[in-house]
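Structural features, examined
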Amino acid sequence: MSYRVTLIPGDGTGPEIADVTKNVLEATGVKIQWDVVEVGGAAMAKQGTPLPKEVLDSIRKNKVALKGPITTPVGTGFRSVNVALRHELDLYACLRPCKLYPGVRSRYNQVDLVIVRENSEDLYTGVEFPPDSAEAKQVAQWGKGKVKPGSAISVKHISSVATERIVKFAFEYALKYKRRKVTAITKANILKLTDGLFLATTRKVAEGYKGKVEYEEKLIDNMCMQLVIKPEIYDVLVLPNLYGDILSDECAGLVGGLGVAPGANYGDGIALFEAVHGSAPKYTGLNKVNPTALILSGMMMLEYLGEVRAAQQLEKAVAEVIKEGRQVTYDLGGSAGTKEMGQAIIQKLSRQTTAV
Ligand code: NAD
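Residues numbered from 1 in each chain as written. Predicted model: local features only at pLDDT ≥ 70, side-chain atom pairs only at ≥ 80, totals over all residues. Heavy atoms only, no water.

1. Some points on the environment of V213
Formally: Elements are defined by DSSP. Helices are runs of H or I of four residues or more, strands are runs of E of two residues or more, and each kind is numbered from the N terminus. It only takes one pair of heavy atoms within 4.5 Å for two residues to be counted as in contact.
By secondary structure assignment, the location of V213 is in the loop between α7 (194-207) and β9 (214-219). For V213 and G278, which are 65 residues apart along the polypeptide, the C-alpha to C-alpha distance reads 33 Å. Non-local contacts of V213, meaning those with residues more than four positions away in its chain, are made with F171, A174, L175, R179, R180, K181 and V182.

Following this line, the structure appears as structure tokens:
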């Protein structure tokens, strides 16, 4: 059987790691036909939009996509293509496993947690009003003196519908993968209405899993500290969009950094796989960055496609290369390039196949 997958190489260091990941995935023996499409600055220059319709059409048709990182201009220019893709395809659940592989330099001995980040609402959707706009002035009036004149305004919005589906996703994930505990993370003591609604909805959903999965609640500030002190006691974390974004990088730091942190965005019957990290533009073209995060995102893709054995073999090959520490990139203490690390993983895979 052959799968058709949309491949977005991205920009910056994206095309380098996407190329290596494609080769590694093909080396598992799973047959994939790639629809390669372009987004971001390059698409903007050629087609006048950073997210051409044919990209969305390709993903909607194939139902599966693998994406390298895409640069987002800061302050001005087009909005994030990454966020737009999640929105357009209603990829509401962002899953980011943070697992410590032996051989990775870390302050910890054991970390194996999973972030489930709500992807469709909260401050991330970019409902914003510039200073002195009619909308900002209106909000300032509602603020009854609490909002300074000339403020820019961002709208935080949380719904029970979106919360319910992400929390169900987290509990169902915990059940499927035999995870022990789900921790809900908010700032509901201060944001009583938005995070308050997230928490109230979460509690209702958690009731349905009583006796099957343990449930607990934490405030985001405390959680940041808890994760640094004792990450081993946490398991599945479910949280609103912006907190999920920030904790993803913190948790990547617990397990060796962004170079080894994979991710996936799921909707109903559609999925897009991408690393947690961005385009690391300062390393573009240097054959330097770690391809592991995107390769492990590819491993999650294989599992999603039902190629569980190939996914397990790939994870084993990655883990062996990391453990040996000879053919690893700079962030893991080695001097191998992106391509060389990919080659080392392919060699491990071919030994596994010949050993069968
Ligand atoms: P970044 O994740 O690109 O890089 C931050 C630092 O992390 C790098 O300088 C590097 O030291 C390290 N790093 C990142 N990836 C690595 C890898 N594979 N191997 C080794 N080290 C790695 O974050 P940034 O510099 O804040 O963002 C750069 C651009 O990427 C921005 O335009 C941002 O908007 C975008 N971005 C895109 C995505 C995405 O495509 N999903 C995610 C985050 C950021």
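2. Remarks on helix α11 (residues 308-324)
The criterion, for reference: The span one expects for a helix is its residue count, reduced by one, times 1.5 Å. Only protein chains enter the accessibility calculation, which uses a 1.4 Å probe; a residue is then buried when its area is under 20% of its type maximum, exposed when over 50%, and partly exposed in between.
An ideal rise of 1.5 Å per residue puts 24 Å on 17 residues; α11 measures up with 24 Å between its terminal C-alpha atoms. Looking at α11, one finds that the buried residues are A310, A311, Q313, L314, A317, V318, V321 and I322. With its phi angle positive at about 70°, G325 sits one or two positions after the end of α11.

3. Considerations on the packing of aromatic side chains
Two measures describe an aromatic ring pair: the distance that separates the ring centres and the angle between the ring planes. The line we're drawing: Note on aromatic contacts: the rings of Phe and Tyr and the six-membered ring of Trp form a pair at centre separations within 6.5 Å, being stacked when their planes are under 30 degrees apart, edge-to-face when over 60 apart, and tilted otherwise. Counting as a charge over the ring demands two things of the Lys NZ or Arg CZ atom: a distance within 6 Å of the ring centre and an angle within 35 degrees of the ring normal.
Under the definition given, this model contains 8 aromatic pairs. Relative to Y215, the ring of F171 lies with its centre 6.2 Å away and its plane at 40°, an arrangement referred to as tilted. Taken as a pair, F171 in helix α6 (residues 160-176) and Y215 in strand β9 lie far apart in primary sequence, 44 residues in all. Residue F171 is classed as buried on the basis of its relative accessible area, which comes to 0%. Here the aromatic rings of Y266 and F273 are separated by 5.8 Å at their centres, their planes lie at 85°, and the arrangement is edge-to-face. As far as the burial class goes, Y266 and F273 line up, both buried. These aromatic residues form a ring-pair network of at least three members: F169, Y266, F273 and Y304. Lying over the aromatic face of Y124, R117 brings its terminal NZ or CZ to 4.7 Å of the ring centre.

Taken by themselves, the reported measurements are silent on function.
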